[in-house]
Amino acid sequence: MVDNSELFRGGRNGITRPAAPSRPVAQKQESVSSRIPGFYRLPVERRLAFLQRSFGLSDKQIGALREGRTLRIEHAVNMVENAIGVHGMPLGVALNFLVDRRDYLVPMAIEEASIIAAASKAALTIRKGGGFTTEVDDPVMIGQVQVLELADADAAREKVLREKHAILRQANLVSPKMVARGGGAIDIEARVVDGGGDTGRMLIVHLLIDVREAMGANHVNTSCEAVGPLIERISGGRVHLRILSNFADRRLARATFSLPFAQLASDGFTGEDVARRMVDAYRMAWADAYRATTHNKGIFNGIGAAAMALGQDWRAIDAGGHAWAARDGHYRSLTRYWIEDGALHGSIELPMQVGAVGGALNSHPGVRLLREVAGVSSAREIAGLFAAVGLAQNFAACNALSTVGIQEGHMALHARSVAISVGVPPDKVEQVAQEMIGRGQVKVAVAEEIFNRILQHEREMDTESQDGLPIDAWAPGKVVLFGEHATVYNYPGITCAINVGLRIRVTRDADGPRFVSPRFNQPFGAPESDRDIRMFTRAVDQALDIYALQRDPIAVEIDSDLVPGMGLGSSAAFSAALCSALRTYRDGSGEISLARDLFDDVQRLESIFHGHPSGMDAATVISDGVLWFRKGPPREIVPIHMPHPMYGLICFVSPGARTIDMVRNVTQSRDLNPKRVDSLLEQIGELTSDAGIALGTGDNREVGRLMLRNHELLARLGVSTRELDNAIEFLMERGVLGAKLTGSGGGGAVIAIVRPEDQDTLVHELADRFARVYPFTVRSRE
């Protein structure tokens, strides 16, 4: 094996490397904060509205982003040969990047899920330690001139070096504007290399060119062509190749961070544990080329996506980076991690050949638009930002691999892809994917078998009876994951539907319509029978009126695992299931669904129970997913998309208090001590925003940590009880990820987030401790 390590050492063959002082990226005075809690929860239209408002984008530019028209065919024909169209790529923005004390939103074009989320999450963590610091070398590129057929290669090398100034003058004659801007050819190097075979020893002349704001490929190639005849005369050989080198080792970019141990701690791991695990992971990538290849590929997941969005030659960056990783003859990690002064330190160094002028910047309208979003104005700034993105991407991967692993999220994505590949429609992809994961068989044949079984079941349901009766409609309950009481003061809340719910059955009854007394799986005795029966009866009468069924011979029955007064959304579930069942019966469709257009009808029934409902409960049970909610105005109800399911428990502790009484208690406390109560409410609001990010990235440990913190704040607000606090402490001792009260407090239930493998065991272990324990699973719904 040929030893190529000499190619990667500075000061080749005694030639002094030209000075390339490193200096930090210049700061700008104003920038849009990249810390945007909840951005991923916003609908696309609201994300676009944010960009338009923040960066002054025109309606035309926003329309181009929305419709994927940032590049049109009339532009493409001038960019590539034989153009036949434009191939789209998903485009997103990575958040939370604080680089050299300046905020950046980083546009990223990539087809792979989790890359943008991972970069954003890592940037958020590193932000807590002060963000990234970067250094970028002067933009010196290398052009190579190959000289063959030399009688004495070593003598030819000395002749070329003696004529350095003549060669530089010739190179700069073709670029007077570049020279006027302070750039141009600045030095040469010469090496003798044995090509073997018939080629023999050859002379390689390096032309070092400061390309200023350009990536520099065209300029370097032109300069190499210009000096070729002169070098040929000086050396007495034959000049062959004259071409740019993409191993831009004179144009390095570096990024570093320092993160105290406290910012690294996660459930089950101290911050120091995490730091040492990450250092061990890096050491493997430094020593082993097999690991280093995957390690570095992850770095370029981020850099390549950002480079593509901002019109840079990602292939050149990728090639140069891999060559730099092998500069000592052994392929190694591009990042380093070490522990010092109670903190984890991380760094990255790699060639970064980017440009702020020329290339796609001139021909691609979308690149110019995204440059405005990123707020980058110089090649040096772009290089530093890309280095930070690569380091963030690597931090996220090393952190996950060193602690919880990454396979769960990847397996969910793979299962969805397999389901889609066999033709499963969008509304059933998640169902098929989750069953494959549950079986541990993510295969095409298994996906087809599950999908065919679902179709057969639907056909059987369609032909079960001519008049469609009986009709069974089920609706889920809900829990408040974050934000109780703070939502009253227009802070956000997060709710989720649970797989514990209520079933409505509509049957044929000659004496109907009538309402059969409800059956509640009630652990604390029957609800206030007269009051509850009156309210349910009024709601049924209202629903019959809505669907014009006042005279139909039907009966309505309720069978519920949701207990009124426990904060589990029993009235919303009842209203949603009832509206769904009655509309299905009226329309004769045979299709039972919690369609989103039921919302107004459900709200009309909810008003019977709550007077002026916010809509949060109705929206949650109809969506059957996870929702971000703010009462407004304007009201915000936005779904949160989770990368994989979350598992939990509902533990009934004691009879619940009336919501209206608990809200009144907080109001009275606020009147007495507004500063203290407002501070607690604000902390709950900020915590809820962070929880939204954790849910969206699938970080269940962070969700659990924030959940426990939310309970502590609610306890300080005065809405918890000793029984609820004891229940939380008991659950935490049993190893749950996090726990809190749910609903208004004053009694009722607590919820806990658990590891999937612990859920069934804990249900049995806790049965004797609580009045009732229900497992629940939270999944996103489209």
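Residues numbered from 1 in each chain as written. Predicted model: local features only at pLDDT ≥ 70, side-chain atom pairs only at ≥ 80, totals over all residues. Heavy atoms only, no water.

1. Points about the overall build of the protein chain
Along the backbone of the protein chain there are 26 helices and 21 strands. Taking contacts inside the protein chain between residues at least 6 apart in sequence as the whole, the part at least 24 apart equals 75%. Taken as a whole, the protein chain presents about 34,800 Å² of accessible surface, with 50% of it coming from carbon and sulfur. (Helix = DSSP H or I, 4+ residues; strand = E, 2+ residues; numbered from the N terminus. Contact = heavy atoms within 4.5 Å. Areas by Shrake-Rupley, 256 points an atom, 1.4 Å probe, with all protein chains shown as cover.)

2. Concerning the confidence of the model for the protein chain
With 87% of its residues at a pLDDT of 70 or more, the protein chain has an overall mean of 84. Within the protein chain, the element-level pLDDT minimum falls on helix α12 (residues 360–363), averaging 65, and the maximum on strand β10 (residues 343–351), averaging 97. Per-residue pLDDT stays below 50 along residues 1–29; that stretch engages in 64 contacts with residues further than four places along the chain or on separate chains. (pLDDT = per-residue confidence, 0-100.)

3. Quick look at the nonpolar core
Within the largest apolar cluster, 106 residues are counted, with the highest numbers of intra-cluster contacts made by Leu481, Ile504, Phe574 and Ile650. Here this core gets 10 residues from one element, more than from any other, and that element is helix α19 (residues 570–587). Beyond its immediate sequence surroundings of up to four residues, Ile504 is in contact with Ile471, Asp472, Ala473, Val556, Glu557, Ile558, Phe574, Ala577, Leu578 and Ala581. In terms of nonpolar packing, the next biggest core, distinct from the first, is built from 82 residues, Phe39, Leu95, Ala123 and Ala387 among them. (Core = buried A, V, L, I, M, F, W, Y, C linked by side-chain atoms within 4.5 Å. Buried < 20%, exposed > 50% of the residue type's maximum accessible area, 1.4 Å probe, protein only.)

4. Remarks on the sheet that holds strand β5 (residues 184–194)
On the basis of which strands lie adjacent, the open sheet formed by four strands has the order β5-β6-β4-β7 and antiparallel pairing. Every interior strand has two partners, whereas the edge strands, β5 and β7 (238–245), have only one. Here the average twist between neighbouring strands, direction ignored, is 20°. Summarising the sheet, strand β4 (residues 140–148) and β7 pair through six bridges and their orientation is antiparallel. When the sheet's bridge partners are listed, Leu148 is paired in β7 with Arg238. Across the face of the sheet, helix α5 (residues 153–162) comes into contact with β5 and β6 (201–210) while running at roughly 175° to β5. (Pairing = 2+ DSSP bridges. Axes fitted to C-alpha atoms, helices over the stretch in contact; angles between N-to-C directions.)

5. Overview of α5
Buried within α5 are the following residues: Ala153, Ala156, Arg157 and Val160. Taken down its axis, α5 places every buried residue within 105° of arc, on the same side. For α5, the elements touching its buried residues are α6 (164–173), β5, β6 and α8 (217–235). The distance from a side-chain oxygen at the start of α5 to the backbone nitrogen of Asp154 is 3.2 Å, and the residue carrying that oxygen is Asp152. (Arc of directions from axis to C-beta. Polar contact = N/O pair within 3.5 Å; in protein donor to acceptor, adjacent residues only side chain to side chain.)

6. What to know about the packing of helix α4 (residues 115–127) against helix α14 (residues 379–402)
Between α4 and α14, the least distance of the axes is 8 Å, while the angle of their chain directions is 95°. Comparing the axis directions of α4 and α14 gives the class roughly perpendicular. When α4 is examined against α14, the residues Ile115, Ala118, Ala119, Ala122, Thr125 and Ile126 are found in contact with a partner set consisting of Ala392, Gln393, Phe395 and Ala396. Of the residues belonging to the contact of α4 with α14, the class tally is eight nonpolar, two polar and no charged. (Parallel < 35°, antiparallel > 145°, perpendicular 65-115°, else oblique. Nonpolar A, V, L, I, M, F, W, Y, C, P; charged D, E, K, R; others polar.)

7. Notes on the side chain of Asp100
Within the element layout of this structure, Asp100 appears in the loop between β1 (91–99) and β2 (102–109). In this structure the side chain of Asp100 is engaged in a polar contact, spanning 2.5 Å, whose partner is the side chain of Thr134.

8. Thoughts on the packing of helix α23 (residues 674–697) against helix α24 (residues 700–717)
The N-to-C vectors of α23 and α24 enclose an angle of 165°; their axes lie 10 Å apart at closest approach. One way to sum up the angle between α23 and α24 is to call them roughly antiparallel. Considering only the axes of α23 and α24, their crossing is left-handed. In this structure, α23 uses Arg676, Val677, Leu680, Leu681, Gln683, Ile684, Leu687, Asp690, Ala691, Ala694 and Leu695 to contact α24, whose residues at the interface are Glu702, Val703, Leu706, Arg709, Asn710, Leu713, Leu714, Arg716 and Leu717. Residues belonging to the contact of α23 with α24 are distributed by class as follows: 13 nonpolar, two polar and five charged. (Left-handed = near helix turned anticlockwise from the far one by under 90°.)

9. A short note on the pattern of salt bridges
Taken as a whole and assessed by the stated rule, the structure comprises 30 salt bridges. Of the charged contacts, one joins Arg254 and Asp137 as a salt bridge, the two residues approaching to 3.0 Å between their closest N and O atoms. One end of the pair, Arg254, is in strand β8 (residues 252–260); the other, Asp137, is in the loop between β3 (133–136) and β4, and 117 residues separate them in sequence. Asp137 carries the same exposure label as Arg254, and that label is buried. (Salt bridge = Lys/Arg side-chain N within 4 Å of Asp/Glu carboxyl O.)

10. A closer look at the sheet that holds strand β9 (residues 335–340)
Taken in spatial order, the four strands of this open sheet run β3-β8-β10-β9, and their pairing is antiparallel. The open sheet has two free edges, formed respectively by β3 and β9, since each of these has just one partner strand. The sheet shows a mean angle of 15° between the axes of neighbouring strands, direction not considered. As paired elements, β3 and β8 share four bridges and run antiparallel to each other. Following the sheet pairing, Thr134 is matched in β8 by Ala255. Strands β9 and β10 of the sheet are contacted by helix α9 (residues 271–287), whose axis makes an angle of about 145° with β9.

11. Describing α4
With 13 residues, α4 extends 18 Å between its outermost C-alpha atoms, agreeing within 8% with the 18 Å of an ideal straight helix rising 1.5 Å per residue. Looking at α4, one finds that the buried residues are Ile115, Ala119, Ser120, Ala122, Ala123, Leu124, Thr125, Ile126 and Arg127. The inward-facing, buried residues of α4 abut β1, β2, β8, α10 (289–309), α14 and α23. (Expected span 1.5 Å × (residues − 1).)

12. Quick look at the environment of Leu48
With respect to the secondary-structure elements, Leu48 resides in helix α1 (residues 44–55). Here the alpha-carbon distance between Leu48 and Leu65, two residues 17 residues apart in the chain, equals 8.2 Å. Not counting residues within four places of it along the chain, the set of residues in contact with Leu48 comprises Ile62, Leu65 and Arg66.

13. Observations concerning the packing of aromatic side chains
Within this structure, the stated rule accounts for nine aromatic pairs. Both rings, one in Tyr282 and one in Trp286, keep their centres 6.3 Å apart while their planes meet at 50°; by these two values the pair is tilted. Placement of both Tyr282 and Trp286 in helix α9 is noted, with a separation of four residues, approximately one turn of the helix. Given a relative accessible area of 2%, Tyr282 falls into the buried group. Here the aromatic rings of Phe652 and Tyr774 are separated by 5.8 Å at their centres, their planes lie at 80°, and the arrangement is edge-to-face. With Phe652 in strand β18 (residues 646–654) and Tyr774 in strand β21 (residues 772–778), this pair connects stretches of sequence that are 122 residues apart. In terms of burial, Phe652 and Tyr774 fall into one category: buried. (Phe/Tyr/Trp six-rings, centres within 6.5 Å; stacked < 30°, edge-to-face > 60°.)

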